[in-house]
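One-letter residues, chain by chain:
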Number of protein chains: 2
Amino acid sequence: MSANLQQQLQHRGHRLTKQRQAILAILSHTPQSVAMIRHTLHEQGFHFDKTTIYRNLHSLVQHGLVLATKLQDDGLYYELASHHHHHHVQCQNCGRIEDIELDEHALLQNAAAHSTFAIKQHQLEFFGICPQCQS
Amino acid sequence: MSANLQQQLQHRGHRLTKQRQAILAILSHTPQSVAMIRHTLHEQGFHFDKTTIYRNLHSLVQHGLVLATKLQDDGLYYELASHHHHHHVQCQNCGRIEDIELDEHALLQNAAAHSTFAIKQHQLEFFGICPQCQS
DNA sequence: GACTTATTGCAACTAAGTTGCAATAATATC
DNA sequence: GATATTATTGCAACTTAGTTGCAATAAGTC
Ligand SMILES: [Mn+2]
Ligand SMILES: [Mn+2]
Ligand SMILES: [Zn+2]
Ligand SMILES: [Zn+2]
């Protein structure tokens, strides 16, 4: 767990419980579902209550340390927020998820040019076949 | 209900029940949640079981007559599939949803240029403030 | 009208996520 | 280190959208 992240947590009055640390240790820049996170925690020998996991994810999102994304299935996927804004591609065959960094400026102009709304945010995910599954 | 739609249904062995007709009559090109659809049905004096509504929406999506979209909240939003591919903007203030037709070619090139996946589909929704809510 | 079978309604169920609360433990203060 | 404060945890009970099995109903066909 980065010193920076730890600072941010404590600065906000968050405590460094072993639950929160374990959860943060599992999160990465690849979005993971709650089921995946819980599964990994179990593999590592942790047996936290689901309530604890949900509450931690929510508060981390609330405080901007973690991002929640919707993908194809139900529920949310969580990833560390420490990267700059980007999107994802998910393999329709194996489920692998990868970051994809678009030309955001082009995207936003494209949108602004076709709507009268003052656009504040967007949600964009791609689906396809990853290199491994192509061959 | 368009003659074309009716044809498609019967061609696929679907029956024109009053339930299915009422549901289709409510659907438009603006995505609606199941709650909204059920609410309108009630207003119109129909009291179909929720099972019937879910099953109809699912089979209509399955057969390509209806599109299901994810927006900000949980659950899916349904709209008629008879338009060409497009996206939506949802007002963060009043909830109003509008179609938005992007330059899809530019979007897909933007994506292809930044990923090694063979991209097959995408999911893109915008959120902002509608003209009415701006003033 | 009689026949076939897609569709409906109902009741029971499932499971993800939430809530209230008393017990616990991380931090601050001395 | 001991003490006080309160964020956080675990548990049990609950909520609620959506699903499933099945017998009754009603489209569509001849
Ligand atoms: Mn990412
Ligand atoms: Mn639309
Ligand atoms: Zn793959
Ligand atoms: Zn509005």
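(A) Representation of the coordination of the zinc ion (ligand 4) within the structure. Residues and elements named next belong to chain B. Binding of the zinc ion (ligand 4) to the protein goes through Cys91 (SG), Cys94 (SG), Cys130 (SG) and Cys133 (SG), at separations of 2.2 to 2.4 Å. For the zinc ion (ligand 4), the four donor atoms in the first shell make angles of 100 to 115° at the metal, a pattern classed as tetrahedral. In terms of primary sequence, the donors binding the zinc ion (ligand 4) are separated according to C-x2-C-x35-C-x2-C. Of this pair, Cys94 sits in the loop between β4 (87–91) and β5 (97–100) while Cys130 sits in the loop between β6 (118–129) and α6 (131–134), and the two are 36 residues apart along the sequence. Owing to a relative accessible area of 41%, Cys94 belongs among the partly exposed residues under this scheme. Overall, the relative accessible area of 0% leaves Cys130 in the buried class.

(B) Summary view of the protein's contact with DNA strand C. Among the 21 residues in the neighbourhood of DNA strand C, the closest are listed as Leu16(A), Tyr54(A), Arg20(B), Thr52(B) and Arg55(B). For DNA strand C, a base oxygen lies 3.0 Å from a polar atom in the side chain of Lys50(A). A distance of 2.8 Å separates a sugar or linking oxygen of DNA strand C from a polar atom in the side chain of Gln19(B). Counting only elements with at least two residues in the surface near DNA strand C, the list comes to α4 (50–62) of chain A together with α2 (18–26) and α4 (50–62) of chain B.

(C) Just the pairing of β4(B), in detail. Residue and element names in this part refer to chain B. Burial analysis of β4 places five of its five residues in the buried class, which makes it a mostly covered element. Alternating positions in β4 separate into two faces, His87, Val89 and Cys91 on one and His88 and Gln90 on the other, with burial throughout. The loop that links β4 with its antiparallel partner β5 comprises five residues; one of these, Gly95, has a positive phi angle of about 90°. Pairing between β4 and β6: four bridges, direction parallel.

(D) Examining the packing of helix α2 (residues 18–26) of chain A against α4(A) more closely. Residue and element names in this part refer to chain A. Closest axis-to-axis distance for the α2/α4 pair is 10 Å, and the angle between their directions is 70°. Regarding the angle of α2 to α4, the classification is roughly perpendicular. For the crossing formed where α2 meets α4, the hand is right-handed. Here Gln19, Arg20, Ile23 and Leu24 of α2 lie close against α4, whose contacting residues are Thr52, Ile53, Asn56, Leu57, Ser59 and Leu60. Considering only residue class, the contact of α2 with α4 consists of five nonpolar, four polar and one charged.

(E) Region of the structure containing the packing of aromatic side chains. All names here are of chain A. Counted by the stated rule, this structure contains two aromatic pairs over all chains. On the basis of an interplanar angle of 35° and a centroid distance of 5.1 Å, the ring pair of Phe46 and Phe48 is categorised as tilted. By relative accessible area, Phe46 is classed as partly exposed at 27%.

(F) Quick look at the protein's contact with DNA strand D. Looking at DNA strand D, there are 21 residues lining it, with Arg20(A), Thr52(A), Arg55(A), Leu16(B) and Tyr54(B) nearest. Each atom of DNA strand D within 4 Å of the protein was classed as base or backbone; sugar and phosphate made up 58%. Within the side chain of Gln19(A), one N or O atom sits 2.9 Å away from a sugar or linking oxygen of DNA strand D. Between DNA strand D and the protein, one listed contact pairs a phosphate oxygen with a side-chain N or O atom of Thr52(A) at 2.6 Å. Counting only elements with at least two residues in the surface near DNA strand D, the list comes to α2 and α4 of chain A together with α4 of chain B.

(G) Inspection of a negative patch on the surface at higher detail. Together, Asp73(A), Asp74(A), Asp73(B) and Asp74(B) give the surface a local cluster of negative charge. In this structure, Asp74(A) sits in the loop between β2 (66–70) and β3 (76–80). With a relative accessible area of 71%, Asp74(A) lands in the exposed category.

(H) Seen up close, the domain arrangement of chain A. Residues and elements named next belong to chain A. What the domain assignment reports for chain A is domain 1 (3–80) and domain 2 (87–134). Each of domain 1 and domain 2 was reduced to a C-alpha centroid, and the two centroids are 24 Å apart. Surface buried jointly by domain 1 and domain 2 totals about 710 Å² across both partners, of which 58% is contributed by carbon and sulfur atoms. When grouped by side-chain class, the residues that make up the side of domain 1 that touches domain 2 number three nonpolar, four polar and two charged.

Conventions we followed
- Residues numbered from 1 in each chain as written.
- Chains lettered and ligands numbered in written order.
- Predicted model: local features only at pLDDT ≥ 70, side-chain atom pairs only at ≥ 80, totals over all residues.
- Heavy atoms only, no water.
- Donors = N, O, S within 2.8 Å, 3.2 Å for Na, K, Ca; no water.
- Tetrahedral: all angles 85-135°; square planar, octahedral: opposite > 155°, others 65-115°.
- Helix = DSSP H or I, 4+ residues; strand = E, 2+ residues; numbered from the N terminus.
- Buried < 20%, exposed > 50% of the residue type's maximum accessible area, 1.4 Å probe, protein only.
- Near = heavy atom within 4 Å.
- Polar contact = N/O pair within 3.5 Å; in protein donor to acceptor, adjacent residues only side chain to side chain.
- Pairing = 2+ DSSP bridges.
- Axes fitted to C-alpha atoms, helices over the stretch in contact; angles between N-to-C directions.
- Parallel < 35°, antiparallel > 145°, perpendicular 65-115°, else oblique.
- Left-handed = near helix turned anticlockwise from the far one by under 90°.
- Contact = heavy atoms within 4.5 Å.
- Nonpolar A, V, L, I, M, F, W, Y, C, P; charged D, E, K, R; others polar.
- Phe/Tyr/Trp six-rings, centres within 6.5 Å; stacked < 30°, edge-to-face > 60°.
- Patch = residues over 30% accessible without salt bridge, like charges linked within 9 Å, V, L, I, M, F, W, Y side chains within 5 Å.
- Areas by Shrake-Rupley, 256 points an atom, 1.4 Å probe, with all protein chains shown as cover.
- Salt bridge = Lys/Arg side-chain N within 4 Å of Asp/Glu carboxyl O.
- Lys, Arg positive; Asp, Glu negative; His and termini not counted.
- Charge placed at Lys NZ, Arg CZ, Asp CG, Glu CD.
- Domains from an automatic or database assignment.
- Buried area = accessible area lost by both parts, 1.4 Å probe.

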